[in-house]
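# Analysis of the macromolecular model
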Amino acid sequence: MLDFSILTEYFPLYLEGFLNTIKASVLALIGSFLLGTVIAIFRISGVKLLQWFGTAYVEFIRNIPILIVVLFFSWGLPSIGVKLDGFAAGTLGLTVYTSAFIAEAIRAGIQSVPKGQSEAARSAGMTYIQTMIHVILPQAIKLVIPPLSNQFINLIKNSSVLTIVAGLDLMYFSDKISSETYVIFSTYIFAAMFYLVLTLPMSYGASVLERKWAKNS
Amino acid sequence: MITFHEVNKFYGDFQVLTGINLHVKQGEVVVVLGPSGSGKSTMLRCINRLEDTSSGELTVNNVRVDDRKTDLNKLRRKIGMVFQHFNLYPHKKVIDNITLAPIKALGVSKAEAAETAMYYLEKVGIAEKANAYPSQLSGGQQQRVAIARGLAVKPEIMLFDEPTSALDPEMVGEVLDVMKALAREGMTMVVVTHEMGFAREVADRVIFMDQGKIVEEATPEEFFSAPKEERAQLFLSRLLNH
């Protein structure tokens, strides 16, 4: 059964990994949200070149394994002279990978606001930007919250790829503990619990928001 | 005020509008009739360029609508529009639905916009709903708010795109009453509708369209008592005999 001495003895290592996982996740969450929003706007901009770039970015990134994206930042970039440590390379890879999925969620949200909404605003003389800010985005955000929270939960779990580039995350230290103690089962069960501490409140928060907004609309 | 000269419009190979010639004078109420798919709504939506024309000339207040260089936002502030499905902003209260464009597009102060909004809400008879959300209103009430919203930018022309087609029959009257009042005050109106009673009573002129063309143009008396074109006769007989 569970060997609790692992948890008590190696708690400082777990904690360091846990904090680094939080740090990587928060940075990647902010980064991928901003990057994803920009890519989504490219895709609906109506400007051919931007649309083409946005589509190529999304289709390329989301159809390759996250491992390869992360390896690109840790081994690919140094070959052209850019050196990053494991944490930076891993977080950057996580950001880029997640941004492709977020771009799709945001684009779908914006496009599922009925066309009549922008027609009403534009026909009253409001500009494209004013229409976006005051009419489309406030409605899109409610549609985007469920898929977006899924992506953020995936992001936290995917942050475990930092381990392969020695990113000092929770998974990295769990590997370390298990190779020192030869205790596999308990070590990773405790690691899973640390991940749940992060992801469960997110799922719960998302469903609360969803219910609250469902009432108002 | 609105002039179509030999306007054509294509969707790919399909021609939706063919050789449209039409002149709407200031203060005139023009009602556009015709079977569905005849291009009525498309023609209406060209006037504020929600749809682009493919060729010909279209001017509003002597400004070319079909010119790329025309400041569309400025032009559109002179033209109010009411839609079949109301298109109220569901996340905003009634009053904020009405004040949004005046504040953002015209740069009117919040207080002044709210005052104007209340004036038009009184006029369409639902001032008491100012703080409700659109979803709390009936269809007829929503459409009256939409009319107030259209009027709040103080347009010179109002366009109506089947404003009563999505309403329960018993709510049609309250919307038509507001439109009649507007017509009496001398607003220039172009109305796409299936409400023959409204056309007969309010229109200065009736336009009948079929297959993207204006087939007949007449006063309501002429049109309803003795339509000249066979297609119009058929259309009217089908409406009256069922």
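So, how was this worked out
- Residues numbered from 1 in each chain as written.
- Chains lettered and ligands numbered in written order.
- Predicted model: local features only at pLDDT ≥ 70, side-chain atom pairs only at ≥ 80, totals over all residues.
- Heavy atoms only, no water.
- Pairing = 2+ DSSP bridges.
- Helix = DSSP H or I, 4+ residues; strand = E, 2+ residues; numbered from the N terminus.
- Core = buried A, V, L, I, M, F, W, Y, C linked by side-chain atoms within 4.5 Å.
- Buried < 20%, exposed > 50% of the residue type's maximum accessible area, 1.4 Å probe, protein only.
- Contact = heavy atoms within 4.5 Å.
- UniProt positions renumbered as here; feature names shortened; annotations may be inferred.
- Buried area = accessible area lost by both parts, 1.4 Å probe.
- Salt bridge = Lys/Arg side-chain N within 4 Å of Asp/Glu carboxyl O.
- Polar contact = N/O pair within 3.5 Å; in protein donor to acceptor, adjacent residues only side chain to side chain.
- Axes fitted to C-alpha atoms, helices over the stretch in contact; angles between N-to-C directions.

### Some thoughts on the sheet that holds strand 4 (residues 55-60) of chain B
Pairing is antiparallel in the open sheet, where 4 strands are placed in the order 2-1-4-5 (chain B). Single-partner strands in this sheet number two, and they are strand 2 (14-24) and strand 5 (63-64) of chain B.

### Here we look at the nonpolar core
Residues I2, F4, M43, I47, V60, L159 and V190 of chain B are the most contacted members of the largest nonpolar core, which totals 52 residues. Looking at which element gives the most residues to this core, the answer is helix 7 (residues 128-158) of chain A, with 7 residues. Filtering out sequence-adjacent residues up to four positions away, V190 of chain B remains in contact with I2, V24, V30, V32, L44, I47, M158, L159 and F160 of chain B. Counting 51 residues, the second largest nonpolar core, distinct from the first, contains V175, L176, F198 and F223 of chain B.

### Some points on the UniProt feature "transmembrane region" (unreviewed entry) in chain A
All names here are of chain A. As recorded in UniProt, the sites labelled "transmembrane region" (unreviewed entry) are residues 22-44, 56-75, 87-106 and 182-204. Along residues 22-44 the backbone is 100% helical and 0% strand, and the end-to-end C-alpha distance reaches 32 Å. Helix makes up 87% of residues 182-204 and strand 0%. Its end C-alpha atoms lie 35 Å apart.

### Description of the pairing of strand 9 (residues 205-210) of chain B
Residue and element names in this part refer to chain B. With 6 of 6 residues buried, strand 9 is to be regarded as a mostly interior element. In strand 9, alternate side chains face the same way, and those of R205, I207 and M209 on one face and V206, F208 and D210 on the other are all buried. For strand 3 (residues 29-33) and strand 9, the ladder comprises 4 bridges, and the chain directions are parallel. Each bridged residue has a counterpart across the sheet, and for V31 the counterpart in strand 9 is V206. Across 5 bridges, the pairing between strand 9 and strand 10 (residues 213-218) is antiparallel. When the bridges of strand 10 are listed, D210 appears paired with K213. Hairpin connection of strand 9 to strand 10: 2 residues between the antiparallel strands, including Q211 at a positive phi of 50 degrees.

### Let's talk about the environment of E115 of chain B
All names here are of chain B. Within the fold, E115 resides in helix 4 (residues 110-123). On the accessibility criterion, E115 (62% relative accessible area) is exposed. Spatially, the C-alpha atom of E115 lies 32 Å from that of V65, the residues being 50 residues apart in sequence.

### Things to note about the interface of chain B and chain A
The interface of chain B with chain A comprises 21 residues on the first partner and 17 residues on the second. For the pair chain B and chain A, the summed buried area comes to about 1,600 Å², and 55% of that belongs to carbon and sulfur atoms. By the criterion of area lost to chain A, the three top residues of chain B are Y89, H91 and K104 of chain B, representing 30% of everything that side buries. Taking the shortest distance from any N to any O, the salt bridge between R45 of chain B and E119 of chain A comes out at 2.6 Å. In this assembly, chain B and chain A are joined by 7 residue pairs in polar contact (both at pLDDT 80 or more). Only helix 2 (72-76), strand 6 (79-82) and helix 3 (94-105) of chain B provide two or more residues apiece to the side of chain B that touches chain A. Looking at which element gives the most residues to the side of chain B that touches chain A, the answer is helix 3 of chain B, with 4 residues.

### A closer look at the sheet that holds strand 9 of chain B
All names here are of chain B. Spatial strand order, 6-7-8-3-9-10: 6 strands in an open sheet with mixed pairing. Here the strands that pair on one side only, and so sit at the sheet edges, are strand 6 and strand 10. Adjacent strand axes in the sheet meet at a mean angle of 20 degrees when their direction is disregarded. As defined by bridge partners, strand 7 (residues 157-161) adjoins strand 8 (residues 188-192) across 5 bridges and the pair is classed as parallel. Looking at the pairing, L159 lines up with V190 of strand 8.

### Description of the UniProt feature "domain: ABC transmembrane type-1" (unreviewed entry) in chain A
The sites that carry the UniProt feature "domain: ABC transmembrane type-1" (unreviewed entry) are, in the present numbering, residues 18-206 of chain A. Taken end to end, residues 18-206 of chain A is 81% helix and 0% strand, and its first and last C-alpha atoms sit 22 Å apart.

### As for unusual backbone geometry
A negative phi angle characterises most non-glycine residues, just as the trans form characterises most peptide bonds. Of note in the backbone geometry, L168 of chain A takes a positive phi value of approximately 60 degrees without being a glycine. The exposure class of L168 of chain A is partly exposed, given its relative accessible area of 35%.

### Things to note about the pattern of salt bridges
Taken as a whole and assessed by the stated rule, the structure comprises 17 salt bridges over all chains. Residues R205 of chain B and E217 of chain B are paired through a salt bridge, measuring 2.3 Å at the closest nitrogen-oxygen approach. Placement of R205 of chain B in strand 9 and of E217 of chain B in strand 10 is noted, with a sequence separation of 12 residues between them. Overall, the relative accessible area of 15% leaves R205 of chain B in the buried class. Among the charged side chains, a network of salt bridges with common partners joins K115 and E119 of chain A together with K9, R45 and E51 of chain B.

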